[in-house]
Amino acid sequence: MKPPQTPILLGFAALLIGAISTTAFSGAFDSGADHEDLHRRAAEHDTWMRERLMPAGGVMSAQFTDDTYAQVKSYGGERDPAIWTGAYLAAQALRLQVTGDADAADQVAETVRVLHRWWRISGDAGYLARFAAPADSQEAILDTLPAGDPEVMRDVPYEDALWHWRGRVSRDQYQGVLLGMSLAYEATSDPSIRQLIREDVVRFAEQLMRRERKHVKVIINGSRNFSTTLELQHTVYTDDETPDGIPVLDIRTRPFDADASGMLGFWPNPSELARQIPGLGRLPDVYLPSQAIQLAATFRVALQVTAGVPGYEARHAALLAHYNEQVGTWLDIATDWKDTNRCGSSYHGLNVAFMPIYNWIRLEDDPVRRARLQRDILRDALWSAVEDHKNVFFGFLYAAQAAPEDSVEGLIDAHLTQLALFPNPPQTAEPLDVRSKYPEDPKCPGLSAVATDVDDRAGATFIWERQPWKLVDPGAPDVAFAGVDYLLAYWLGRQAGFIQGSGDLR
């Protein structure tokens, strides 16, 4: 295991950092963005997506029968509703913090209930469904959960009805959900909704803490196939994904990669478990910084929702002990985060580091750790990799949690300008060809050498996780996206004080 570094005294100013929020900016912003227009657009995106793009409470895209966008023909993005529904919850929670509006409170409560169902429907501790819908849903919804799809479990009894749900969840889905649940816990005053959040987050974190010996089928480099017993931690399981209920671990050694079915690991150094496998005892350490960030943020949220809660004293203490035992290693691994994206590939991996780092920083109550998170990880690693990407979500996340000495006024102005370019609803999959506006990157043929403006990008459910250099896209007729990307960026900006506004959407 990578040894924790000895913390270095970061100065008296660092010791005065607040535990929850940072004020890293001052004064007015000169972007020229019309704040009332930004507000109007948030209202319209909110209404549009609720009416058309939230089947069974989950956020999806859709193809419509024609360009009036009145009737859904089919839904898309069926593997990603959890992360984007969590992002929607985060937006509504920020809206509730800013406005106190009853409709925002209702949306927070309803979305928490939806996600609670997705946490529980498998029956396995901490295992999150990608999506779930009643078995008697309309045809367009049922088409996203087809019989014969190995990810789909059908006719599952739950809440006195039959449900279909999609499994084989990935780590990215948890990040939107945990972001939303943490912010919703702060925003809501409803004790029953807080309790649902607490139940789900604590159940997940306690499962991650559990160290278990598991019988596992192992595949190495596609050829060696055998069974062995491994001691595993930071893992969730489900017996629904494999025919005999035994987890399968598929390992490739050059370069190292590990995939699984029947279980999902959050393993900042997966070599630690792989070295238990016969023949792999000399496998070198392989550090995965994003998973270290995800784990640490999960435990910070679990500590958030159990702090000072009667009846949870012992569980909070156990969570805190595990966090304190592991956090030095997680910090060291996270500090080595690097952007491995090349020519637009795997750009979504940036998003699943930014979402949890926001939770980790804003909830970290140790000032020395928090200062290190702000400087070494958020600013020097993550933000330095994307500062010229015109990514409003990443920009606002950084500015909201930046170190006190970081000057962020200019970047806030620049990203407000980009947010103002976001399309009105519906956000559609229009054909794109902006080759005449941007220089081509000689190292990445077919891509721009500079990030394109937000209004020159292909539509997506969450454009902030899409690479910003695409020059040509064929589009898709009659396809529209939810606008949760606009809502989350807008309300994050409002809550942080980057966007002026009063009142609410309706």
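One structure accompanies this document, and this report is about it. Along each chain, residue indices are assigned from 1 in the same order as the chain's sequence is written. The predicted nature of this model means local features are confined to residues of pLDDT at least 70 and side-chain atom pairs, given and counted, to a pLDDT of 80 or more, with totals for whole chains, interfaces and linings taken over all residues. As a convention, hydrogens and water are excluded, and side-chain values are obtained from all of the structure's heavy atoms.

1. Quick notes on the environment of Gln 495
How we decide: Numbered from the N terminus, helices here are DSSP runs of H or I no shorter than four residues, and strands are runs of E no shorter than two. We define a polar contact as two N or O atoms separated by no more than 3.5 Å, with the added condition that, inside protein, one atom must be a possible hydrogen donor and the other a possible acceptor, whereas residues neighbouring each other in sequence contribute only through side-chain atom pairs.
Positionally, Gln 495 belongs in helix H15 (residues 484-496). Of the polar contacts made by the side chain of Gln 495, one reaches the side chain of Gln 97; its length is 3.2 Å.

2. Remarks on empty space enclosed by the protein
What counts here: Here a cavity denotes grid points, spaced 1 Å and computed from the protein atoms alone, that fit a 1.4 Å probe unable to get out, and a pocket denotes an open set having protein on both sides within 12 Å along at least 5 of 7 lines; residues with an atom within 4 Å of a point are the lining. Grid points are joined across faces, edges and corners, and a volume is the space filled by probe spheres set on the points. Gly is placed with the polar residues, together with every amino acid not listed as nonpolar (Ala, Val, Leu, Ile, Met, Phe, Trp, Tyr, Cys and Pro) or charged (Asp, Glu, Lys and Arg).
Scanning the entire structure with this criterion turns up 1 cavity of 30 Å³ or more. There is about 30 Å³ of room inside the largest cavity. Lining the largest cavity are Leu 94, Leu 179, Leu 183, Tyr 358, Phe 393, Leu 397, Leu 488 and Leu 492. Its residues assigned to classes, the lining of the largest cavity shows 8 nonpolar, no polar and no charged.

3. With respect to the state of the cysteines
The line we're drawing: Only a pair of cysteine sulfur atoms within 2.5 Å qualifies as a disulfide here.
Counted by the stated rule, this structure contains 1 disulfide. Here Cys 343 engages in a disulfide with Cys 444; their sulfurs sit 2.0 Å apart. In this structure the cystine formed by Cys 343 and Cys 444 twists about its S-S bond by roughly -75°; its chirality is therefore left-handed. Pair noted here: Cys 343 is in the loop between helix H10 (313-335) and helix H11 (348-363) and Cys 444 is in strand E15 (residues 444-448), with a separation of 101 residues, a long-range link.

4. Comments concerning the sheet that holds strand E1 (residues 61-64)
What counts is decided by this rule: Two strands form a pair only when DSSP identifies at least two bridges running between them.
Strand order across the open sheet formed by 4 strands is E2-E1-E17-E12, with antiparallel pairing between neighbours. At either end of the open sheet lies a strand with only one pairing partner, and these are strand E2 (72-76) and strand E12 (427-428).

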